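Chain and residue survey
Letter by letter, the chains look like this.
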Amino acid sequence: MTEPILKVRNLRTYFSMAEGTVKAVDDVSFSVHDDEVIGIVGETGSGKSVTVKSVCGLINKPGYVAGGSILFKTAEFPKLQENGYVDLTKLKGDQFTKVRGNHISIIFQDPMTSLNPIFTIRKQLLETIMFHQKIDEKQAEQVAIQMLEKVGLPNPKERLENYPFELSGGQRQRVIIAIGISCNPEILVADEPTTALDVTVQAQILELMKDLQKEYHSGLIFITHDLAVIAEMADKVMVMYGGKTMEYADVYTVFEKPQHPYTKLLLECIPRLDIRQDALNPIPGQPPTMLNAPDLCPFLPRCPRKTAECLKQVPPLEQIGDNHFVRCFNPFGTKVHVVNEKRADE
Amino acid sequence: MMTDNQKLLEVKDLKKSFPIKAGFLFRHTVATVMAVDGISFSIDKNKTFGLVGESGCGKTTAGRSIIKLLEPTGGQVLVNGEDIAPKKERELIKYRREMQIVFQDPTSSLNPRMTVGQALSEPLLFHNIVKNTKEAREVLGELLLSVGMKPYHLDRYPHQFSGGQRQRIAIARAITVDPSLIILDEPTSALDVSVQAQIITLLKRIQERLNAGYLFISHDLSVVRFISDEVGIMYLGKFVETGDTDSIFDHPLHPYSQALLEAAPIPDPRARRDRKHLIGGQVPSPINRPSGCFFRTRCPHAMDVCAKDYPELVEMEKNHFVSCHLYKK
């Protein structure tokens, strides 16, 4: 297998508040290859958005990256190179603008708030293209029209002159995707891109993203709380809870042979569209609060498989099979002890 | 008067329109939005009717018109056989005890300045179920236990709870008066997956205990499939398909229902869809609905007749109605 283009290792992103420290992301590791869709799934406050915001250098005070590394394969910043990788956590000031938008692009959940309401689509789309590709307005306009055609917006020439409010939610999300892919990034990050959309429009946007990803062979990090959307989109899945990676494996393993109690219980409690169920098995208890959380497994209070060991320390993220990582002292199935433990799928 | 074959709730040809006004000195109506355009259904005791559709289809307006938070423009709302649609606020008090509503967002439906105890004793005191707050507290302690909370939570404020706990409180408030009909307007949409399952399970348990009828409004097809006995799929204010839940979900007849069900992803990576019925475009504006069948602008089977007449609802199978020119009896 080729080398990954992005390697996130033991990432920790904390927020210091008057009341204490919020460990929003606390020991998260994953890799992204070309042509691969990584799905990050988790509930509110699990740290999935903060993880990708850290990757995109969008963490502002009082938040900070407290540890770990984000290694990105790039030719930029020759001075910071190490084996072809640059640690994005080491970038200073506005150095990140060379990466963000150009090499790593992000699409947010709500297309109304991520477009500026007082500028036309032309202004917002051309700004990105001209800034990163260093071309004049005329050429940029050609690129812009091509991009809008690619994302399936009818009459792209006229759409350029529209303001965001003149477009529907689905159309706005298409414009955002056009901005996101306009500089042909190696990695596209999509943070709940379809959550605000209706189901028929969501299906259109998901199909569009799948097609574009196939065409561009870029890496896609897809974040959602919706397990059904993850099943549809992802090649590999990272399940997050309480700021930590709980389980990380390919999509079939996660959905068919989950080993972490949280993953298994989560899959058992979702209602299904395709079959009649007589009862759901809800997970008792509440999701954890992240403020001054104890250094233990965050799922501990709700876990039916806790052992004495769980009360002492946080379980490490361990490899239990081929590309299958679980953070649990007592996972389902037999535990396979891998002698030469490898880092997440290198 | 209650008879055996009488339905708990019967909605007949319910209509709700909103005028759009313009002008400064001479305000006049320039257009009308037909948010709900003649829907009919009924709910039995201990049964759930699911109202499904995308945003703007009129499902929330329908729910609010039934409970008279909005004044219906036309049609009948029969509660135990009596039409409450034309009744004035004053006459409605006795029906208010029968009908309760739970909203989507428990953060905005609970008063942040009232403790849980204060908020929950209001309906008890208003309907003279208890004499004073002391009696109310005794009743409420039990009630909180029944929704999975603790009696000492009575003295806390809404902000001290998580979203799931707040929704439990909102549900507790709705069942303080033992209603026979509860309208649930997207009660789980604001909640996380693991909490959603708790709330749905709680709602099922409460239904069995109270023998209540539920009107469950949601855009989430999987939740509706789980909880509903019957469903109505709405598009621009009308039912395109209605009837038995399993019959509709297992073999939808209307092109819109087919597209909607196929568009919804399934939590099984082997079931990745190759979507044959994927529809383009979006829901047209409810101010300017297409002539004839409202869905024809996006329909893959649109014919000449579709632009002329709105199709009637016809019963194609037992308790499975569809409104589409493709189906004729």
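The shown structure was predicted, so the numbers you read here are calculated from the model rather than taken from an experiment. (Residues numbered from 1 in each chain as written. Chains lettered and ligands numbered in written order. Predicted model: local features only at pLDDT ≥ 70, side-chain atom pairs only at ≥ 80, totals over all residues.)

Each helix and strand counted, chain A has nine helices and 12 strands in total. Its C-alpha atoms give chain A a radius of gyration of 21 Å, near enough to 20 Å, the size a compact globule of 346 residues would have. Along the first, second and third principal axes, the C-alpha atoms of chain A reach 65 × 55 × 45 Å. Out of the 346 residues belonging to chain A, those deemed buried represent 49%. (Helix = DSSP H or I, 4+ residues; strand = E, 2+ residues; numbered from the N terminus. Rg over C-alpha atoms; globule rule 2.2 N^0.38 Å. Buried ≥ 20, exposed ≤ 12 C-beta atoms within 10 Å, placed from the backbone.)

On to the nonpolar core, then. Among the nonpolar cores identified, the biggest contains 182 residues, and Val189(A), Ile221(A) and Leu215(B) are the most heavily contacted of them. When residues of this core are assigned to their parent elements, the largest contribution, seven residues, is made by helix α7 (residues 193-210) of chain B. (Core = buried A, V, L, I, M, F, W, Y, C linked by C-beta atoms within 7 Å.)

In low-pLDDT regions, the fine details of the predicted coordinates are not to be read closely. Here chain B averages 91 in pLDDT, while 97% of its residues score no lower than 70. Here the predicted complex carries an ipTM of 0.84, next to a pTM of 0.88. (pLDDT = per-residue confidence, 0-100.)

Attention shifts here to the domain arrangement of chain B. All names here are of chain B. Here the domain parsing of chain B yields domain 1 (42-72 + 84-228) and domain 2 (233-329). Distance between the C-alpha centres of domain 1 and domain 2: 30 Å. Taken residue by residue, the interface counts 12 residues in domain 1 and 12 residues in domain 2. For the side of domain 1 that touches domain 2, the elements supplying multiple residues, two or more each, are β3 (48-52) and α8 (221-227). Among the elements that take part in the side of domain 1 that touches domain 2, β3 stands out by supplying three residues, more than any other. Residue composition of the side of domain 1 that touches domain 2, by class: four nonpolar, five polar and three charged. (Domains from an automatic or database assignment. Contact = placed C-beta atoms within 7 Å. Nonpolar A, V, L, I, M, F, W, Y, C, P; charged D, E, K, R; others polar.)

Attention shifts here to the sheet that holds strand β9 (residues 230-235) of chain B. Residues and elements named next belong to chain B. In space, the eight strands of this open sheet follow the order β6-β7-β8-β3-β9-β10-β12-β11, with mixed pairing throughout. With partners counted over all chains shown, the strands left at the sheet margins are β6 (99-102) and β11 (313-317), one partner each. Strand-to-strand, the axes of this sheet are offset by a mean angle of 20 degrees, without reference to chain direction. Relative to strand β8 (residues 213-218), β3 runs parallel, the two sharing five bridges. Bridge pairing in β8 links phenylalanine 49 to leucine 215. On the sheet, helix α6 (residues 163-175) packs against β6 and β7 (181-185) and is oriented at approximately 175 degrees with respect to β6. (Pairing = 2+ DSSP bridges. Axes fitted to C-alpha atoms, helices over the stretch in contact; angles between N-to-C directions.)

Moving on, we come to the pairing of β7(B). Residue and element names in this part refer to chain B. Counting buried positions along β7 gives five out of five residues, so the element sits mostly inside the fold. Every second residue of β7 is oriented toward a common face, with Leu181, Ile183 and Asp185 on one face and Ile182 and Leu184 on the other, all of them buried. Across four bridges, β6 lies against β7 in parallel orientation. Counterpart to isoleucine 101 in the pairing with β7 is isoleucine 183. Bridging between β7 and β8 involves five bridges; their strand directions are parallel.

As a further point, take the confidence of the model for chain A. For chain A, the average pLDDT comes to 89, and 96% of its residues sit at 70 or higher. Note on residues 336-346 of chain A: pLDDT is under 50 here. Beyond four places in sequence and across chains, it has 15 contacts.

What follows concerns the sheet that holds strand β9 (residues 236-241) of chain A. All names here are of chain A. The strand order across the open sheet formed by eight strands is β6-β7-β8-β3-β9-β10-β12-β11, and the pairing between neighbours is mixed. Among the strands making up the open sheet, the edge pair consists of β6 (104-107) and β11 (318-321). Here the strands of the sheet are splayed against their neighbours by 20 degrees on average, with no regard to which way each runs. The strands touched by helix α5 (residues 169-181) are β6 and β7 (187-191); relative to β6, the strand with the most contacts, the crossing angle is about 170 degrees.

Before going further, it helps to examine the interface of chain B and chain A. Tallying the contact residues gives 33 residues for chain B and 36 residues for chain A. Elements with a minimum of two residues in the side of chain B that touches chain A: α7, α8 and α10 (255-263) of chain B. If you tally residues by element for the side of chain B that touches chain A, the top one is α7(B), at six residues. Its residues assigned to classes, the side of chain B that touches chain A comprises 16 nonpolar, 10 polar and seven charged.

When its domains are assigned, chain A resolves into domain 1 (101-234) and domain 2 (253-322). Computed over C-alpha atoms, the centres of domain 1 of chain A and domain 2 of chain A are 34 Å apart.

Residue and element names in this part refer to chain A. Counted residue by residue, β9 has six buried out of six residues, so it is predominantly covered. The alternating pattern of β9 places Lys236, Met238 and Met240 and Val237, Val239 and Tyr241 on opposite faces, both of which are buried. Looking at chain direction, β9 and strand β10 (residues 244-250) are connected through six bridges and run antiparallel. By the bridge assignment for β10, lysine 236 is matched with aspartate 250. Connecting β9 to the next strand, β10, in antiparallel fashion are two residues, including glycine 242 with a positive phi near 55 degrees.

This part is about α5(A). All names here are of chain A. The first and last C-alpha atoms of α5 sit 19 Å apart over 13 residues, in line with the 18 Å expected at 1.5 Å per residue. Across the 13 residues of α5, 12 count as buried, placing the element largely inside the fold. Taken together, the buried positions of α5 are Gly170, Gln171, Arg172, Gln173, Arg174, Val175, Ile176, Ile177, Ala178, Ile179, Gly180 and Ile181. Check the buried side of α5 and you find it contacts β6, α2 (121-133), α3 (137-150), β7 and α6 (199-216). (Expected span 1.5 Å × (residues − 1).)

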